[in-house]
Amino acid sequence: MLTYLIHSAKPYSSLVTLRNSAVFICFVLMSILSIEGAEGWSHYGGSLKGDRYVAPSSITPESVKKLSLAWTYRTGDATDGSEFDGDSSNFKATPVLIHDKLIFSTGFNRVIALDPATGRELWVFDPNVDFSESYSEMFTSRGIAVWVDSRSASIQCRVRVFAGTLDARLIAIDANTGELCPDFGQAGQIDLSSGIRRYRKWDYSLTSPPTVVEDLVIVGSAIGDNGAADLEPGLIRAFNARNGTLAWVWDPIPRFDSHPGSSSWSSVLGNDTGGANVWSVISADTERDLVFLPTTSPSPDFYGGIRLGDNAFANSVVALRASTGTFVWGYQTIHHDLWDYDLASQPLLFKHLSADGQERPAVAQASKTGFVFVLDRETGEPLHPVEERVVPRSNVPGEQTSKTQPFPKLRLHSTDARPLPMWNFNTEHREGCERLLEGIRYEGIFTPPSLEGTLLYPGNPGGTNWGSMAYDTEHRIGYLIVNRLPTVVKLIPRRDFPQADRKGTLNGARAQHTEQYGTPYGMARFDLFHDELPCLRGPWTTLVAVDLDQGEVKWESTIGSITWRDVGEEAAQWGYYTFGGPMVTQGGVVFIGTPNDKKLFAFDGREGAEIWTSSLPAGAHATPMGYRYGDYDYVVVTAGGDRVDGSGRGDFVIAYRLAVNGES
């Protein structure tokens, strides 16, 4: 390989370019040595497959007890919200490892590079987002993407970091120096608001990392999707990774009859419905030139009378040709979404093994409903049985619900919890919860929003959210978090909405009120809690291991706990809400951080037993990552989002390590 690279670095005709070629060769040699010394996590999801799998790794159920703290870094990016109208910061980023640098973003959209062995700061890039503005996803940034330009003969910007911002910019940064790449877009930046109809600065952002395939950087968007029916369209766009020119655009919502989803809408021409965007992470199969999009609900979330039909390709797994943006196939997981059941998880690419030993390329999509769909990667055909079941109908004037919804074989959340399992924490709590549910409609999952109020169970936080799935390639086991968090939603006629909004409560609970302009109804919603405690019995959150080949659950363990009050011995074993996801090592150890009890846990991936834990200085809202660097295997997690001893909110990057030979 070394000889080929040296010979393929062809000299130019001048002495100057000969010297530049020599510099380039040296850079390539250093890069090779760097890659050999650093192995692991080069994409947000571990790889473009979104498998969150660390290999090589010597961390096993037997050796994990020797894992020890390696270093801690503090970003300084934290606020309790006092200077930002109460918006406090959080830290949801998962770093990536590239060419001897551990790189990540913060909630303030700064991008930071560290030495992966010591945590020493190498550089910091600040995009100078204007935080005097308010954004719908304030202080949210889950990570960055990196790309190596194999055609470049220059050291400058040969390795690029791509980061999105809350004010809708796509930025290219030199991974070596932390400076902008001047040949990308306008002096290193692209204004993503350009070409977006009805752009509202506070509503349109990038909160998840782009995905880079070959020489294209592909981005979705985060849209505040409850404000109105005609919000920004959820365009997916690809830009040339070298110069930032637009390569292709695809809209999940049909605006013309030739769109592949047009037959599922009552009206296509003049369709102003917004959303159906991709705010989560896009996966890619470079061998097949495919990208896989997890699309969200069309706007607004809870009333669909102005967007009648099944609304493809919202709430869908969509496969596009990566190089051209051409539609290949789409599979809709929710018809005519009225519950904000976005596909928040990154699609997982893996090889499905049938009962007769046949392998097929597959994609698994976890969802907020707690359902997991397993599809053929090339055709979108379900590889497990999916049943279209009749679901409750709407009684709201103007609304027409879908008659059926798809129920896959692998379901990890109750589809009908009647009679509701009320938690008898104490008499006052039980009575308070019963008041919150007075007059509320509930007929199982997919009970539509109503004028009297409806219980959504699971609620719109999930199920499985943006933490996504991990997959142990060697042992063929998938892992995911399942939250059981109910939400109450009520539609409010337009004439009554201003007064309800001023009151700010629903059934006595503080509730979020949103206008849903362009429809006859505003909406109000709250999570089903009384006195800061859940109303329904647990388990509230579990880590679940699944056999994706057979569509079966292998084991389930609760994760997290309530720490701010004594809830009794039984409830202490019910877990507590966790939205970051799991990662798994080659040795079969599953790591996951928790936000409320502020811990990093390790589980035996084969049996589900908790085998190691470490207290964190702040809550972990992000997915951990891992890599091998030199003679050590590392596990890194970011921690931030809970108050820490009066010192503000957390801003920690914490690394643990284990020697490759198994010593601490």
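Residues numbered from 1 in each chain as written. Predicted model: local features only at pLDDT ≥ 70, side-chain atom pairs only at ≥ 80, totals over all residues. Heavy atoms only, no water.

**Notes on the overall build of the chain**
The helix and strand inventory of the chain stands at four helices and 46 strands. On C-alpha atoms alone, the chain measures out to a radius of gyration of 24 Å, which is about the 26 Å that the 2.2 N^0.38 rule sets for 664 residues. Projected onto its principal axes, the C-alpha coordinates of the chain cover approximately 80 × 60 × 60 Å. Restricting to contacts in the chain with at least 6 residues of sequence separation, those with at least 24 account for 64%. (Helix = DSSP H or I, 4+ residues; strand = E, 2+ residues; numbered from the N terminus. Rg over C-alpha atoms; globule rule 2.2 N^0.38 Å. Contact = heavy atoms within 4.5 Å.)

**Here we look at the state of the cysteines**
Enumeration over the complete set of coordinates arrives at two disulfides. Each disulfide pairs two cysteine sulfurs, and for cysteine 157 the partner residue is cysteine 181, the sulfurs being separated by 2.2 Å. Of note, the bridge from cysteine 157 to cysteine 181 carries an S-S torsion of about -105° and is left-handed in sense. With cysteine 157 in the loop between β8 (145-148) and β9 (159-164) and cysteine 181 in the loop between β10 (169-174) and β11 (189-191), the pair connects residues that are 24 residues apart, well separated along the chain. (Disulfide = S-S within 2.5 Å.)

**Notes on the pairing of strand β30 (residues 477-483)**
β30 sits mainly inside the fold: seven of its seven residues count as buried. On β30, burial covers both faces: Ile477, Tyr479, Ile481 and Asn483 on one face and Gly478, Leu480 and Val482 on the other are all buried. As paired strands, strand β29 (residues 469-472) and β30 are joined by four bridges and run antiparallel to one another. When the sheet's bridge partners are listed, tyrosine 471 is paired in β30 with glycine 478. (Buried < 20%, exposed > 50% of the residue type's maximum accessible area, 1.4 Å probe, protein only. Pairing = 2+ DSSP bridges.)

**Details of the sheet that holds strand β18 (residues 283-285)**
The four strands lie next to each other as β18-β19-β20-β21, forming an open sheet whose pairing is antiparallel. What marks the edges here is a single partner per strand, and that holds for β18 and β21 (327-332). The average undirected angle you get between the axes of adjacent strands in this sheet is 20°. Relative to strand β19 (residues 290-294), β18 is paired through three bridges, and the arrangement is antiparallel. Bridge pairing in β19 links serine 283 to phenylalanine 292. (Axes fitted to C-alpha atoms, helices over the stretch in contact; angles between N-to-C directions.)

**Quick look at the side chain of serine 450**
As for its position among the elements, serine 450 is in the loop between α3 (427-436) and β28 (454-456). In this structure the side chain of serine 450 is engaged in a polar contact, spanning 3.1 Å, whose partner is the backbone oxygen of glycine 453. Serine 450 has contacts with Asn395, Val396, Arg441, Val489, Lys490 and Leu491, leaving out every residue within four places of it along the chain. (Polar contact = N/O pair within 3.5 Å; in protein donor to acceptor, adjacent residues only side chain to side chain.)

**A look at unusual backbone geometry**
Geometrically, the link from arginine 418 to proline 419 is a cis peptide bond, its omega value of -15° lying close to zero. Secondary-structure assignment places proline 419 in the loop between β27 (410-411) and α3. Positive phi is not limited to glycine here, since aspartate 340 has a value of about 60°. Topologically, aspartate 340 is positioned in the loop between β21 and β22 (348-353).

**Quick word on the environment of valine 584**
Tracing the chain through its elements places valine 584 in strand β40 (residues 583-585). Between the C-alpha atom of valine 584 and that of tyrosine 303, which follows or precedes it by 281 residues, the distance is 39 Å. In this structure valine 584 touches Arg52, Tyr53, Val54, Ala470, Tyr471, Asp472, Tyr479, Val589 and Val590, once residues within four positions along its chain are discounted.

**Considerations on the layout of surface pockets**
As a volume, the largest pocket reaches approximately 1600 Å³. Lining the largest pocket are 45 residues, with Lys92, Glu137, Asn460, Pro461 and Arg525 positioned closest to its centre. Where the lining of the largest pocket is concerned, the elements lending two or more residues are β15 (222-223), β34 (512-514) and β35 (521-527). Residues of the lining of the largest pocket, tallied by class, amount to 14 nonpolar, 17 polar and 14 charged. (1 Å grid on protein atoms, 1.4 Å probe; cavity = no way out; pocket = protein on both sides within 12 Å on 5 of 7 lines; lining within 4 Å. Points joined across faces, edges and corners; volume = space filled by probe spheres on them. Nonpolar A, V, L, I, M, F, W, Y, C, P; charged D, E, K, R; others polar.)

**Some remarks on the environment of tryptophan 202**
Within the secondary structure, tryptophan 202 is located in the loop between β11 and β12 (204-205). Take tryptophan 202: its relative accessible area is 49%, and that puts it in the partly exposed class. C-alpha of tryptophan 202 to C-alpha of leucine 166: the two residues are 36 residues apart in sequence and 8.3 Å apart in space. Apart from residues no more than four positions distant in its own chain, tryptophan 202 is found in contact with Ser134, Tyr135 and Ser136.

**Considering the packing of aromatic side chains**
On inspection of all chains with the given rule, the structure shows 34 aromatic pairs. Ring centres of phenylalanine 313 and phenylalanine 327 lie 5.1 Å apart, and the angle between their planes is 40°; on these two criteria the pair is classed as tilted. Taken together, the residues span a long stretch of sequence, with phenylalanine 313 in the loop between β19 and β20 (316-321) and phenylalanine 327 in strand β21 at a distance of 14 residues. Since its relative accessible area comes to 8%, phenylalanine 313 is described here as buried. The class of phenylalanine 327 is partly exposed, set by a relative accessible area of 25%. One residue, arginine 142, lies across the ring of tryptophan 466, its end atom 4.9 Å from the ring centre. Over the ring of tyrosine 632 we find arginine 657; its NZ or CZ atom is 4.0 Å from the centre of that ring. (Phe/Tyr/Trp six-rings, centres within 6.5 Å; stacked < 30°, edge-to-face > 60°. Lys NZ or Arg CZ within 6 Å of the ring centre and 35° of its normal.)

**Examining the confidence of the model for the chain**
Across the chain, the average pLDDT comes to 91, with 93% of residues at or above 70. For residues 1-36, every residue scores under 50 in pLDDT, and the model assigns this stretch 28 contacts once sequence neighbours within four places are set aside. Between residues 642-648, whose pLDDT stays under 50, and residues either more than four places distant or in other chains, the model counts 15 contacts. (pLDDT = per-residue confidence, 0-100.)

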